[in-house]
Amino acid sequence: MKTPAIFFLFVVPVTATAQQFIDATNQIPVTETTALTMDVAFADLDNDGDADLVLACEFAANLILKAEGGSFVLDSNMTFPPIRDYAALPYPAEDSEQIVVADFNNDSILDVFFASEDSPYHELYFGIGGGGMIPAPNQLLVKNKGNAAVGIDPDQDGDIDLLIGYEGQNDLMLNDGNGNFTVDTSGIFPVNLDITQDLKTIDIDGDLDLDIWEGSEYGGSNIYIYENGVYTEKSSSHLPDLTMYETRKVVLADIDNDGDQDAFLCNVAWRGGAQTGSRMLINDGAGNYTDETTSLFHYVERFSLDAVFVDLNNDQFKDLIVVGTGDVLFPKCYMNETVSGNGFVQTDSVIPYIFQDRILAIAANDVTGNRQVDLYFGSTPDRLLIQDNSSVHVGNIRQTVSRAFYRANGHEIVLPHEYSTEPFNLMVVDVLGKRVVGKLVEDNEQIKYRLPDDCRHSTVVLTITDKGGQVIESKLMFVD
């Protein structure tokens, strides 16, 4: 197939809300992000006042993308040098899963830790200033499948320790203050043989210290309350029954705007017998959570991989963006209408349909400095979306003020035959983000994308990207 020129055919009057985010993927080194990005973290590694990007990659070199005026670039002074000779291993790099950014060696410079899963070593790097990184001398062996990590200070000595989540007993790694870690054997963290997938810190009981929320492959979630210098599991007293869920990510936010932290659980159903569907848990103010999914979140996905809460319409209520939802390749956006009793309501007018691969990670930050939250997506390759409502032309996206649409004739989308020599990709989705599988037919006069009969008299979105994944055109149309 080829890349079509920008063209306009028959006009079909369809009312649609303008997209809030626009594709800014051309502002990142997209060709360098084709490895599977498992986790994303914003952090000002070079201390220049803007947040750089740290990417954890699966069996590939982890990356630092330096922030430069709303764009991100590779800088030879900001890299993670190899810790060992990967050529001697049966894979090209570590299997990085989750990122912890903190000052581990107390030199006032940010360091980076990567939890690894199916490889021998976690990775610990010390910052040396200006965003430069060197391997720490005391690397940590992977004792089992490691999917998660979080920085904590349970011994209250002022040093950032590490809790590493494993398939089996988690390890609390105590820091000596210089970034040297040893396994705690004093029992600060209790015995737990679950398969940990995520770790988050949260003050559950309101005593101003940090407790731990563990997302688990078996049992959904576990709660560990910090009391008298140790953690005690209190899942049964603080959580509803989640034993049938397989939780991939725990996303914490004040969902109902009452001043305490609620939770959204991104669940998968990859193990036998696991229940499908994400869960929305509401805090009663005392750290006791009830499952309010039925009343607040009316959407059941086969699985979801990550999510983020951001206030998209400046109403002081956090809206929800979920990625990795089942077989749908696009992020899904839900507006928070809990104040009116509607719960979360899905909208398709916020995010452009530009994604071609499953998204495993999402992170939010003000990239452009306009006090609006932008979004970075970890995928293959990665994507950057920014909020810029004043612009109708960014990078390779062409948007038009007039209502110009491709022609949808019957249940066929008709494209012109005049096009350049570059290949293109075509994708059609319905208004709920589900991919519509059709058949591409090319003859001497026309290129047609034949849709299934059940798409007639409905609204769909056509997206055309070039071979590098950059959006050429994204159009809403009515199929008559």
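None of the values given here were measured: they were computed from a predicted structure.

Undergrad: Would you mind showing me how to read the overall build of the protein chain here?
TA: Assigned secondary structure in the protein chain consists of two helices and 37 strands. Classification of the 480 residues of the protein chain by burial places 55% in the buried group. Partitioning the contacts of the protein chain with sequence separation of at least 6, the portion at a separation of at least 24 is 54%. For the protein chain, the exposed area adds up to about 19600 Å²; of that, 50% sits on carbon and sulfur atoms.

Undergrad: Explain the sheet that holds strand β27 (residues 374-378) to me, please; I cannot follow it from the model alone.
TA: Across a sheet, paired strands are connected by hydrogen bonds in the backbone, their directions being either parallel or antiparallel. Taken in spatial order, the four strands of this open sheet run β1-β28-β27-β26, and their pairing is antiparallel. The strands lining the two open edges of the sheet, one partner per strand, are β1 (21-23) and β26 (361-365). Across the sheet, the mean angle separating the axes of adjacent strands is 25° when strand polarity is ignored. Pairing geometry for β27 and strand β28 (residues 383-387), over three bridges, is antiparallel. Opposite Y376, over in β28, you have L384 as the bridge partner.

Undergrad: Can you walk me through the sheet that holds strand β23 (residues 319-323) in this structure?
TA: The strand order across the open sheet built from four strands is β22-β23-β24-β25, with neighbouring strands paired in antiparallel fashion. What marks the edges here is a single partner per strand, and that holds for β22 (306-310) and β25 (343-347). Strand after strand, the sheet turns through a mean of 25° between neighbouring axes, direction not considered. Pairing geometry for β23 and strand β24 (residues 332-337), over three bridges, is antiparallel. Residue pairing for β24: I321 is matched across the bridge by C333.

Undergrad: In this structure, what is going on with the nonpolar core? I would like to understand it.
TA: One broad rule of soluble globular proteins: the nonpolar side chains tend to lie buried together. Residues L312, I321, I351, F355, L375 and F377 are the most contacted members of the largest nonpolar core, which totals 24 residues. Listed by contribution, the elements that provide at least two residues to this core are β22, β23, β24, β27 and β33 (424-430). Excluding anything up to four places from it in sequence, F355 contacts L329, F330, P331, F377, R383, L385 and M427. One finds I28, V30, F42 and I386 within the second-largest nonpolar core, a separate group that totals 20 residues.

Undergrad: Explain the environment of A67 here, please?
TA: Relative to the helices and strands, A67 resides in strand β4 (residues 63-68). Placed 40 residues apart in sequence, A67 and Q27 show a C-alpha to C-alpha distance of 9.9 Å. Setting aside residues up to four positions removed in sequence, A67 forms contacts with D48, D50, A51, D52 and F72.

Undergrad: Explain unusual backbone geometry here, please?
TA: Most peptide bonds are trans, and most residues other than glycine sit at a negative phi. Cis geometry marks the peptide bond from T380 to P381, where omega comes out at 5°. Along the chain, P381 falls in the loop between β27 and β28. Its identity as a non-glycine residue notwithstanding, F59 has a phi of 55°, on the positive side. Within the fold, F59 resides in the loop between β3 (52-57) and β4. According to the relative accessible area criterion, F59 is partly exposed, its value standing at 28%.

Undergrad: Help me understand the packing of aromatic side chains in this model?
TA: In this description, a pair of aromatic rings is defined by centroid distance and the angle of the planes. Throughout the structure, instances matching the rule amount to 17 aromatic pairs. The interplanar angle of 55° and the centroid separation of 5.1 Å between the aromatic rings of Y226 and Y231 together place this pair among those described as tilted. Y231 carries the same exposure label as Y226, and that label is buried. Among the aromatic residues, those joined into a ring-pair cluster are F264, F297, Y299, F309, Y334 and F344.

Undergrad: What am I meant to see in the pairing of strand β20 (residues 279-283) here?
TA: If a strand is regular, its side chains alternate between the two faces of the sheet. Within β20, five of the five residues are buried, which leaves it mostly tucked inside the rest of the structure. Both faces of β20 are covered, namely the face carrying R279, L281 and N283 and the face carrying M280 and I282. As judged from the three bridges shared by strand β19 (residues 262-268) and β20, these two strands associate in the antiparallel manner. Within β20, the position partnered with L265 by the bridge is R279. As judged from the three bridges shared by β20 and strand β21 (residues 289-291), these two strands associate in the antiparallel manner. Looking across to β21, one finds that I282 is bridged to T290.

Undergrad: Can you walk me through the pattern of salt bridges in this structure?
TA: Two side chains bearing opposite charge may form a pair once their charged atoms approach each other closely. Under the definition given, this model contains eight salt bridges. K143 is the salt-bridge partner of D171, the closest N and O atoms lying 3.1 Å from each other. Placement of D171 in strand β12 (residues 171-175) and of K143 in the loop between β9 (132-135) and β10 (146-152) is noted, with a sequence separation of 28 residues between them. Look at D171 and you get buried, because its relative accessible area is 11%. Here K143 falls in the partly exposed class, since its relative accessible area comes to 46%. Among the salt bridges present, the one from K200 reaches D198, with a minimum N-O distance of 2.7 Å. The exposure class assigned to K200 is partly exposed, which follows from its relative accessible area of 26%. Within the structure, one salt-bridge network assembled from shared partners comprises D46, D48 and K66.

Cut-off values and rules
- Residues numbered from 1 in each chain as written.
- Predicted model: local features only at pLDDT ≥ 70, side-chain atom pairs only at ≥ 80, totals over all residues.
- Heavy atoms only, no water.
- Helix = DSSP H or I, 4+ residues; strand = E, 2+ residues; numbered from the N terminus.
- Buried < 20%, exposed > 50% of the residue type's maximum accessible area, 1.4 Å probe, protein only.
- Contact = heavy atoms within 4.5 Å.
- Areas by Shrake-Rupley, 256 points an atom, 1.4 Å probe, with all protein chains shown as cover.
- Pairing = 2+ DSSP bridges.
- Axes fitted to C-alpha atoms, helices over the stretch in contact; angles between N-to-C directions.
- Core = buried A, V, L, I, M, F, W, Y, C linked by side-chain atoms within 4.5 Å.
- Phe/Tyr/Trp six-rings, centres within 6.5 Å; stacked < 30°, edge-to-face > 60°.
- Salt bridge = Lys/Arg side-chain N within 4 Å of Asp/Glu carboxyl O.

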